[in-house]
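These are the residues of each chain, in order.
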2 protein chains.
Amino acid sequence: MTVAFTLTEQGLRDLAEGAAVLGTGGGGDPHIGRLLVQQQLRAGREVRVIGVDELPGDALVVPSAMMGAPTVFIEKLPSGRGNIAALRALEARLGRAAAATMPTESGGLNSMIPLLLGAQLGLPVVDADGMGRAFPELQMETWNVYGVPGSPMAIASDHGDHCVIDTGQDNLLMERRARAMTVEMGGAAYICDYPMDAATVRRTSIPGTLTLAMKIGAALRRARQDHADPFERLTGALKDTIYSHGLVLFAGKVVDVERRTVAGFARGQVTLEGDAGRMTLTFQNEHLVARHGGRVAAIVPDLICTLNSETGAPVTTESLAYGQRLTVFAISTPALMRTPEALACFGPSAFGLPDPYVPVERLPLSAV
Amino acid sequence: MTVAFTLTEQGLRDLAEGAAVLGTGGGGDPHIGRLLVQQQLRAGREVRVIGVDELPGDALVVPSAMMGAPTVFIEKLPSGRGNIAALRALEARLGRAAAATMPTESGGLNSMIPLLLGAQLGLPVVDADGMGRAFPELQMETWNVYGVPGSPMAIASDHGDHCVIDTGQDNLLMERRARAMTVEMGGAAYICDYPMDAATVRRTSIPGTLTLAMKIGAALRRARQDHADPFERLTGALKDTIYSHGLVLFAGKVVDVERRTVAGFARGQVTLEGDAGRMTLTFQNEHLVARHGGRVAAIVPDLICTLNSETGAPVTTESLAYGQRLTVFAISTPALMRTPEALACFGPSAFGLPDPYVPVERLPLSAV
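The structure displayed is predicted, hence computed values, not measured ones. (Residues numbered from 1 in each chain as written. Chains lettered and ligands numbered in written order. Predicted model: local features only at pLDDT ≥ 70, side-chain atom pairs only at ≥ 80, totals over all residues.)

Chemist: Could you give an account of the overall build of chain A, with specific residues and numbers?
Modeler: The helix and strand inventory of chain A stands at 11 helices and 18 strands. Taken over C-alpha atoms, the radius of gyration comes to 19 Å for chain A, in line with the 21 Å a tight globule of 368 residues would show. When its C-alpha atoms are laid out on the principal axes, chain A stretches across 60 × 40 × 40 Å. Within chain A, contacts between residues at least 6 apart in sequence are counted, and of these 74% link residues at least 24 apart. (Helix = DSSP H or I, 4+ residues; strand = E, 2+ residues; numbered from the N terminus. Rg over C-alpha atoms; globule rule 2.2 N^0.38 Å. Contact = placed C-beta atoms within 7 Å.)

Chemist: Residues and numbers for the packing of helix H1 (residues 9–22) of chain A against helix H9 (residues 209–226) of chain A, please.
Modeler: Any two packed helices are characterised by the angle at which their axes cross and by the distance between the axes. All names here are of chain A. The geometry of H1 relative to H9 is characterised by a closest axis approach of 6 Å and an angle of 100° between their N-to-C directions. Regarding the angle of H1 to H9, the classification is roughly perpendicular. Contacts between H1 and H9 involve Gly11, Arg13, Asp14, Leu15, Ala16, Glu17, Gly18, Ala19, Val21 and Leu22 from the first element and Thr209, Leu210, Leu212, Ala213, Met214, Lys215, Ile216, Gly217, Ala218, Leu220 and Arg221 from the second. Here the residues of the contact of H1 with H9 are counted per class, giving 12 nonpolar, four polar and five charged. (Axes fitted to C-alpha atoms, helices over the stretch in contact; angles between N-to-C directions. Parallel < 35°, antiparallel > 145°, perpendicular 65-115°, else oblique. Nonpolar A, V, L, I, M, F, W, Y, C, P; charged D, E, K, R; others polar.)

Chemist: Could you give an account of the interface of chain B and chain A, naming the residues involved and the relevant values?
Modeler: Taken together, the 16 residues of chain B in the interface contact 16 residues of chain A. Mapped onto the side of chain B that touches chain A, the elements with two or more residues apiece are strand E8 (162–166) and helix H7 (171–184) of chain B. In terms of residues, the side of chain B that touches chain A owes the most to one element, H7 of chain B, which gives six residues. Of the residues assigned to the side of chain B that touches chain A, the class counts are seven nonpolar, three polar and six charged. Relative to E8 of chain B, strand E8 (residues 162–166) of chain A runs antiparallel, the two being bridged by five bridges. (Pairing = 2+ DSSP bridges.)

Chemist: Describe the relation of the copies chain B and chain A, and please don't skip the residues or the numbers.
Modeler: Rotating chain B by 180° and translating it 0.0 Å along the rotation axis places it on chain A, where the RMSD comes to 0.0 Å. Taken together, the turn and the small shift mark the pair as related by a two-fold rotation axis. Minimal C-alpha distance to the rotation axis in chain B is attained by Val164 of chain B, lying at 2.5 Å. A share of 100% of interface residues in chain B that are also interface residues in chain A marks the association as one of identical surfaces. (Least-squares fit on C-alpha atoms with pLDDT ≥ 70 in both.)

Chemist: Any details on the domain arrangement of chain A? Residues and values, ideally.
Modeler: All names here are of chain A. What the domain assignment lists for chain A is domain 1 (5–207) and domain 2 (231–367). Distance from the C-alpha centre of domain 1 to the C-alpha centre of domain 2: 24 Å. Facing the 22 residues of domain 1 at the interface are 24 residues of domain 2. Sort the elements by how many residues they give to the side of domain 1 that touches domain 2 and H1 lands first, with four residues. Across the side of domain 1 that touches domain 2, the residue classes break down as nine nonpolar, nine polar and four charged. (Domains from an automatic or database assignment.)

Chemist: Can you explain the pairing of strand E16 (residues 295–299) of chain A? Please cite residues and give values.
Modeler: Residues and elements named next belong to chain A. As paired strands, strand E15 (residues 286–292) and E16 are joined by four bridges and run antiparallel to one another. Its bridge partner being in E16, His292 is matched across the sheet by Arg295. Turn length for the E15-E16 hairpin, with the two strands adjacent in sequence and antiparallel, is two residues, and the turn residue Gly293 shows positive phi of about 55°.

Chemist: Could you give me a rundown of the packing of helix H2 (residues 30–42) of chain B against helix H5 (residues 113–121) of chain B, with the residues and numbers involved?
Modeler: Residues and elements named next belong to chain B. Look at H2 against H5: their axes get within 9 Å of each other, and the N-to-C directions meet at 20°. The angle between the axes of H2 and H5 places the two elements in the roughly parallel class. The way H2 lies across H5 gives a crossing that is left-handed. Here H2 contributes Gly33, Leu36, Val37, Gln40 and Leu41 to the contact with H5, which in turn contributes Ile113, Leu115, Leu116, Ala119 and Gln120. Within the contact of H2 with H5, the residues separate by chemical class into seven nonpolar, three polar and no charged. (Left-handed = near helix turned anticlockwise from the far one by under 90°.)

Chemist: Which residues make up the sheet that holds strand E13 (residues 265–274) of chain A, and what values go with them?
Modeler: Residues and elements named next belong to chain A. Spatial ordering of the open sheet is given by E16-E15-E14-E13-E12-E18-E17, a layout of seven strands whose pairing is antiparallel. What marks the edges here is a single partner per strand, and that holds for E16 and strand E17 (303–308). Here the strands of the sheet are splayed against their neighbours by 35° on average, with no regard to which way each runs. The pairing of E13 with strand E14 (residues 277–284) spans eight bridges and is classified as antiparallel. Among the inter-strand pairings, Gly268 is bridged to a residue of E14, identified as Phe283. Together, strand E12 (246–262) and strand E18 (325–331) form the strand contacts of helix H10 (residues 230–239), whose direction differs from that of E12 by roughly 100°.

Chemist: How would you summarise the sheet that holds strand E15 (residues 286–292) of chain B if you had to cite specific residues and measurements?
Modeler: Residues and elements named next belong to chain B. The seven strands are arranged E16-E15-E14-E13-E12-E18-E17 in an open sheet whose pairing can be described as antiparallel. Lying at the two open borders of the sheet, with one neighbouring strand each, are strand E16 (295–299) and strand E17 (303–308). Taking each pair of neighbouring strands and ignoring which way they run, the sheet shows an average axis angle of 35°. Here strand E12 (residues 246–262) runs beside strand E13 (residues 265–274); their pairing, made up of nine bridges, is antiparallel. Of the residues in E13, the one forming a bridge with Val262 is Phe265.

Chemist: Any details on H9 of chain A? Residues and values, ideally.
Modeler: All names here are of chain A. Taking 1.5 Å per residue, 18 residues should reach 26 Å; H9 reaches 25 Å between its end C-alpha atoms and fits that length. Taken together, the buried positions of H9 are occupied by Thr209, Leu210, Thr211, Leu212, Ala213, Met214, Lys215, Ile216, Gly217, Ala219, Leu220 and Ala223. Structurally, H9 contributes buried residues whose contacts are with H1, strand E2 (48–50), strand E6 (128–129), strand E11 (206–207) and H10. Immediately downstream of H9, the backbone of His227 shows phi near 50°, a positive value. (Expected span 1.5 Å × (residues − 1). Buried ≥ 20, exposed ≤ 12 C-beta atoms within 10 Å, placed from the backbone.)

Chemist: Which residues make up the nonpolar core, and what are the values?
Modeler: By size, the foremost hydrophobic cluster in this structure holds 232 residues, and its most contacted members are Ile155 of chain A together with Ile155 of chain B. Apart from residues lying up to four places away in sequence, Ile155 of chain B is in contact with Met67, Ala86, His162, Cys163, Ile165, Ala178, Met181, Thr182, Ala189 and Ile191 of chain B. (Core = buried A, V, L, I, M, F, W, Y, C linked by C-beta atoms within 7 Å.)

Structure representation (structure tokens):
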């Protein structure tokens, strides 16, 4: 996957929109994150994206992300100190400098944070991540599934004070400790976790998710320019990738949204009404399951995206509102995310859903 | 202060009881802590106590303590892993091995924790601490008052998972971050904070508090053996120390206890009735102020101790109960704890009390 390139402003805009599609309803709004990276580019700094095979096998890669509520950033712009503080604290703990950073997930905000760090420090950003979409918790990583310890991990507030957490092999415990510290730090914090060598990145990550996000964003942009159907273009953009299937499940109007904050997550469901009846989506930050006439139409870890029916623009679960005309678009996950070990970590049962996992391309609505 | 000696079982019992007196109503019950150290002694391990002048000036001293609710230990005996994990995590962060440990405060439980660590690892324990009594929060240390950063500090659960917190010079922020992690770790955790060299220990600590606690405990024990007045003996034991004044303020029966848990602290007040009328003590874990006929009889940081009227045994604020016959015994704090900087950190205003600080030996009841 040799992809080394320097990000342009147009590329950044495409990437931000495509990452929000891969965020599958969660992952935060990309707006603020994109502006922060854009500010870096306009100040003359560069974001260099590299493929997973462009580093020596023993090079240290340190993923970076934001943890907590992205909404905090809308109320108070980040200073840009926290992500650097988290990286430096983890480097100090490891006694080594990072050769590159990398996203932990694909999502509107968390695809931006490593780009920001890369621009600030001149650090390359690896074109891969550990979720291949957005998930709500730190242990829901292919890295965890395939044996990489998340510890030691660093967490920093926007003021730069920080904390290095070490829970050994227990990545679920790491999630709990870090979640508590995030709340203490004001509800949002910067993290660097799952430090690993490039050989391990290659073995355990979903490759190419930054370039995929750019491709998705560019397809939506060109569809608008061409007055073409954005969903056909999306399906086309995904076809020859490891995500292979992209398909419209349903189109309709939002007739009901039920949302509450439980244990730090946005949980709820949204109901759409359209020509084909009703579809209900259940979410926990991200969409978890789509039901149509009581039958499962798509289920986690496959991606269920709510997109504006006219423009294809992604709508996150926190912005769902009565009357919106949305298209529910499903994307099949790569094989690495569908193994029994992967499903145990972030399949339906990990979210307390009673339904078994069935690949979206084999479910009834996919034939529509 | 050359005091090097090896602790005997009798010395340990005296020390535990005397430390609970210096705990001034808080600092945790010494029972469990004493048993843990006793177990080490019976297994053939040693606790070596040394004076602050017995280390080279650049030797690294790492204080150790428990943070949170001592009651957790009564329900689940500590494994002895957490305190070692905290020390090792901090040593790793500093890149240096500790030459000695030290108590952070004088109190039933926290005078025991460094003795336990010293026995487990063969590490000497410095005869000094940073509070000269018990206080509820990590920034209430003479070390903080005299410019020592508490960071980096390590915090570990009883399972051994841990976290290194760094808030730079901000020791109050460190308290907040560590408090949140303590709650996350189950309400009780082990900490190592304020790492410093021996020269700094000498400049900023209250010296001799372990030997003082032993002296107090021995005085109470001998008073019982001799059927003598324990309070006269206590006054005698304190006379030639930096705590100089020890005096009975009041004796009576508990007629009212009001106690509630607010923000993780035991807050409340207890009223005693006796020949001299009524005395009310207000506490936040530790006793903060004693009032008699509406006038202040003793106030923080001077020590206000509730002792069994017959035996002189200390009674902590969580064990206060209706009908107990108690003697309120006040102890003057050393000069290092009465400077304006010290009073700003742990004087009446730091606890939201409206009363000014007046040294206990200059207050009306002291003449009684």
